[in-house]
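# Structural characterization, general
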Amino acid sequence: DIMDEGGVRVDLASCEDLEASVDEYCGFDADAVRNFTSASIANSNDFTIAFWVRSLGNESLHPTEQRFLPSISFMASLSPPRHNVVVGKLLNQYGDARVFSGCAQGGADAVKYESVELGALSQDGWTMVSISRERSTGVTRVVANGVASEEINAAVDMCFYDTEAMFSAIEVNQAMLISPIMMVPEALPLATLQQYYYTQLEGMKLRDGPLVSMRESVIDNQIPVNKNDFGPRSTLLSSPILFQTRTEPITDCGFNFSNQYATQEFRKAKEEICVAPYSCSAAVMEQQELTFACAGGLTTNWTAFGLETVNFGKEVGYGDFLYSFTDYPFLYRDNDARDANTFIDSMTQVVKVLMVFYTPRSGLTSLLTITADFSGDIEAKVNVLLDHYYILEGSSLQLYVIVQCSCIILVGMMFVDSCKDIYVKIQECRPSPDDLDAAWTWPGSSFWFVIFVDVCTTFMTIIYIAYRIPNKMETAATTDRVVGDLSRLDWGTSNLEIREKRLQFFDQVQLLLNLYGQEDLMTMVANAILLVNMFRVLQATGVHPRLGMITGTIYNALDDLLHFMMLVVIILFAFVVIGNWRFGGLWTEFASLGATLTTMFDMLIGTLPPGWSRTTDMQMFVFIFMVICFFLLQNFLLAIIVEAYMTVRRENENMQVETQYVTDLTFAVIASFKRWLYSWPDPRVLGEEIGRWEARFSVGYVDLVRTGMFGDNTLVGTFVTHYHQFDFIDAPEIKHYAPPKDGMEVVDEIERRIANLMGKGGSLRQMANRVLKFRADRQKRKEMGESFSKYKFKIPGLFHGSSALDVLSGSARSPTSNPTSRHTQLQRRAELQRLQTRVLELEKEQDVPDLDHSEKLSSPLEIDEPSSEDEPALIGVGG
């Protein structure tokens, strides 16, 4: 068991030397050895061990032979020292391979091995060494570099020293490169070993080995790390992923000349490049798309780099670890060495780099995606997207549930309010039971649109919250399932190939992408709900004049804005087409219609395209655009908005009942409380009752009592007292403007003239009686007005210029009165005119001198009629 003189062996009897010889940076998978041993024992102890070795230079040479003679021992145990297989300089000049058996016959001191001479080994390249043992034939075969050195048929039975593991340590006695060891639990034939050798030979030539040993690499590359448990910084969960989608190379480029050009270049390549002393593969000589091609549709048949198609989100493409292409110039995949720089080529459409981070302090899982889109004709578009997935636990989860439940309560109240509005509107549209000919009157489309939006928003919000609350409760378990499995992948196991590990890793990343996709969808739904609610709140501000400035301005300017937008669309479309046609080949900002439109919007806010002053055409284009769009159109827009705003502001200034929002809200709350306290009637019902009165623009105490809606007359006083505090609801005061003429001043003048004509005839007596009747009516109205003057008030804005006496006595008549009231007014006017005419005739017959104010009778009687165009709509008392 002693190597040839000059060899170096480990002194296994010295614990210090043994400990110093152990290399902690080199090792093997003991489980794989145990599985191999078990399978070999089941197969009559047949086995094949093969590996590649290579010299590192002078340090690998044999001390005495000055040649590369590798010395390797597969130790079954270190104490006592036993090995089943040994390769080294034993007896033969080229070295030996010995196979030891633990069950050989001949006594304890007998030699229990078979020695086979090695062939000549390569001194500067890779050498494959394989040792096979077949128990049934007793053949031990050693193959070096595909050549069988020697075969020995021996009667020594083959037994392992350790039936658990053929070897538990490997002794390497000089510096060398050694490949992973192939262990097969059967004796492979020579032809199979030779095939394996020639298959791997070209690939092994490219492997120069690491520049430094594993020990030196680990020691030199150690980076000091200051441990910070649960710090605010994020940690990278896994190696970044490089993903791409590709198109199929095709020879049809869409243009006849392009196809001819591609064919010509392909022919040149074959005739000028693929000639001696150079050569091209048969595929290159036959397939034009491998030399010169255009991009076709997306493909899933790409076989380069030995990659399989993977799904990332909604895209299907090819993915690998980023370091595979950045740290190594060549990749050896599927028995083929490929330049790592060729992973991205002209057929690449989209490239993505995906990195998964986790922030322990925040419970935040982040996905950073860097996307480069090469599908455009001008330039690559690079986009950076960062998605997050939060863990909600403890107090944060409780607060989230409380907030969401509050939202459900609020939208429920909105739904109830919508139902109430529908009920009230139905009651308003219901025909009156007293009018048999009346029909239903349905509300306008705007009312139903608002109700539809409120109902849809309510149900969408409830559905969203009902889904999100259980989803948020499972965030911790979801993070552990997806992110935890991603970090717990066993990269060190030898039971799986690297391809299978990579596919498992990609499957976990796909689950994470699906999780982010669900979060994005829910975020979009929530965003839509919030936007609708925001516009609904903005629309609801129109309930108060001060808050409704925005809605009022938009409403007043809507027609002008629509026509203005039509003008803007026409002008912008013209500029976009011209800009893309003229400058699309010179500036990337005008490369497409979409890019040009974006540039136009930037110019609208004053941002000029870079390099706009380089050409005269661009200067003229920018100047014309700035004059028309920036100076004119924008000022037109401002003028439309300002004019609409001033209109709304004037309306608010002329509105008698408008006050501050806080004041109105306070009085509304007080009125609601008093209505509950004093049992006042519902404002809508009282307003409808007053609206049916024939001629009322002021309402008094007696009128409210007659409605029968107040349980006690004292409640009417509280009602009148409450509303009497508002200035805009006081009774009108006649100052500079007289009330509409109803003929009473003419009656006064006629009365004075008839005093001179009394007793002159029956016709005069009849006229006098009619005049006295007018006088009595006026006196009665006056007395009623004085009795209830302290309770009088008016409905603001209904009629202008009428006194409280006229209102309480019922003499004032609405311009929208019924035909009966209008007929009474016309009769009174005609009667006064007849009286005027008859008095003038009698005065001429009897030569009566003119009295004071007689000129009023010389002209036709004028009774002012209120115009319906000048009067605003009715406002209910409680409204």
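This one's a predicted model, so the numbers in the text were calculated from it and none came from an experiment. (Residues numbered from 1 in each chain as written. Predicted model: local features only at pLDDT ≥ 70, side-chain atom pairs only at ≥ 80, totals over all residues. Heavy atoms only, no water.)

Our focus in this paragraph is the side chain of Thr599. Examined against the element boundaries, Thr599 turns out to sit in helix H13 (residues 593–604). A distance of 2.8 Å separates the side chain of Thr599 from the backbone oxygen of Glu589, its partner in a polar contact. Of the polar contacts made by the side chain of Thr599, one reaches the backbone oxygen of Ala595; its length is 2.9 Å. Apart from residues no more than four positions distant in its own chain, Thr599 is found in contact with Glu589, Phe590 and Pro609. (Helix = DSSP H or I, 4+ residues; strand = E, 2+ residues; numbered from the N terminus. Polar contact = N/O pair within 3.5 Å; in protein donor to acceptor, adjacent residues only side chain to side chain. Contact = heavy atoms within 4.5 Å.)

Once that is clear, we can look at the packing of aromatic side chains. Enumeration over the complete set of coordinates arrives at 28 aromatic pairs. Centre to centre, the rings of Phe321 and Phe506 are 6.1 Å apart; their planes meet at 45°, and the pair counts as tilted. Separated by 185 residues along the polypeptide, Phe321 in strand S16 (residues 315–321) and Phe506 in helix H11 (residues 498–540) bring together distant segments of the chain. For the pair Phe321 and Phe506, a shared accessibility class is recorded, and that class is buried. (Phe/Tyr/Trp six-rings, centres within 6.5 Å; stacked < 30°, edge-to-face > 60°. Buried < 20%, exposed > 50% of the residue type's maximum accessible area, 1.4 Å probe, protein only.)

Let's shift gears to the state of the cysteines. Counted under the stated rule, the structure contains 2 disulfides. The disulfide that involves Cys253 links it to Cys294, with 1.9 Å between the sulfurs. What sets the handedness of the Cys253 and Cys294 disulfide is the S-S torsion sign, and at about 90° it is right-handed. In this pair, Cys253 sits in the loop between strand S13 (241–250) and helix H5 (256–273) while Cys294 sits in strand S14 (residues 294–298), placing the two residues 41 residues apart along the sequence. On the basis of relative accessibility, which here comes to 18%, the residue Cys253 falls in the buried class. Note on Cys294: relative accessible area 22%, which makes it partly exposed. The side chain of Cys274 participates in a disulfide bridge whose partner is Cys280; the two sulfur atoms lie 1.8 Å from each other. One quick way to see it: the torsion about the S-S bond of Cys274 and Cys280 is about -85°, and its sign makes the bridge left-handed. Classification of Cys274 as buried rests on a relative accessible area of 14%. Cysteine Cys407 is unpaired, with the sulfur of Cys405 as its nearest cysteine sulfur at 9.1 Å. (Disulfide = S-S within 2.5 Å.)

With that out of the way, let us pick up a negative patch on the surface. Where like charges cluster on the molecular surface, the negative patch consists of Asp11, Glu16, Asp17 and Glu19. Along the chain, Glu19 turns up in helix H1 (residues 15–21). Glu19 sits in the exposed class, given a relative accessible area of 62%. (Patch = residues over 30% accessible without salt bridge, like charges linked within 9 Å, V, L, I, M, F, W, Y side chains within 5 Å. Areas by Shrake-Rupley, 256 points an atom, 1.4 Å probe, with all protein chains shown as cover. Salt bridge = Lys/Arg side-chain N within 4 Å of Asp/Glu carboxyl O. Lys, Arg positive; Asp, Glu negative; His and termini not counted. Charge placed at Lys NZ, Arg CZ, Asp CG, Glu CD.)

Judged by nonpolar contacts, the single largest core of 24 residues is most densely connected at Phe47, Ile49, Phe51, Phe74, Val85, Ile131 and Met166. Those elements that provide at least two residues to this core are helix H2 (30–42), strand S1 (47–54), strand S2 (72–78), strand S3 (81–88), strand S4 (96–100) and strand S6 (126–134). (Core = buried A, V, L, I, M, F, W, Y, C linked by side-chain atoms within 4.5 Å.)

Following the sequence through the fold, Gln398 ends up in helix H8 (residues 394–429). Note on Gln398: relative accessible area 54%, which makes it exposed.

With that settled, the discussion passes to the confidence of the model for the protein chain. On average, the protein chain scores 77 in pLDDT, and the residues at 70 or more come to 77%. Element-level mean pLDDT values for the protein chain span from 32 in helix H21 (residues 804–809) up to 92 in strand S11 (residues 182–184). Between residues 850–879, whose pLDDT stays under 50, and residues either more than four places distant or in other chains, the model counts 59 contacts. (pLDDT = per-residue confidence, 0-100.)

This part covers unusual backbone geometry. Cis rather than trans, the peptide bond between Ser79 and Pro80 has omega equal to 0°. Even without being a glycine, Ser44 presents a positive backbone phi close to 65°. Along the chain, Ser44 falls in the loop between H2 and S1. Among the residues examined, Ser44 registers a relative accessible area of 38% and is labelled partly exposed. The backbone of Asn45 sits at a positive phi, close to 65°, despite the residue not being glycine. Mapping Asn45 onto the fold places it in the loop between H2 and S1. Take Asn45: its relative accessible area is 8%, and that puts it in the buried class.

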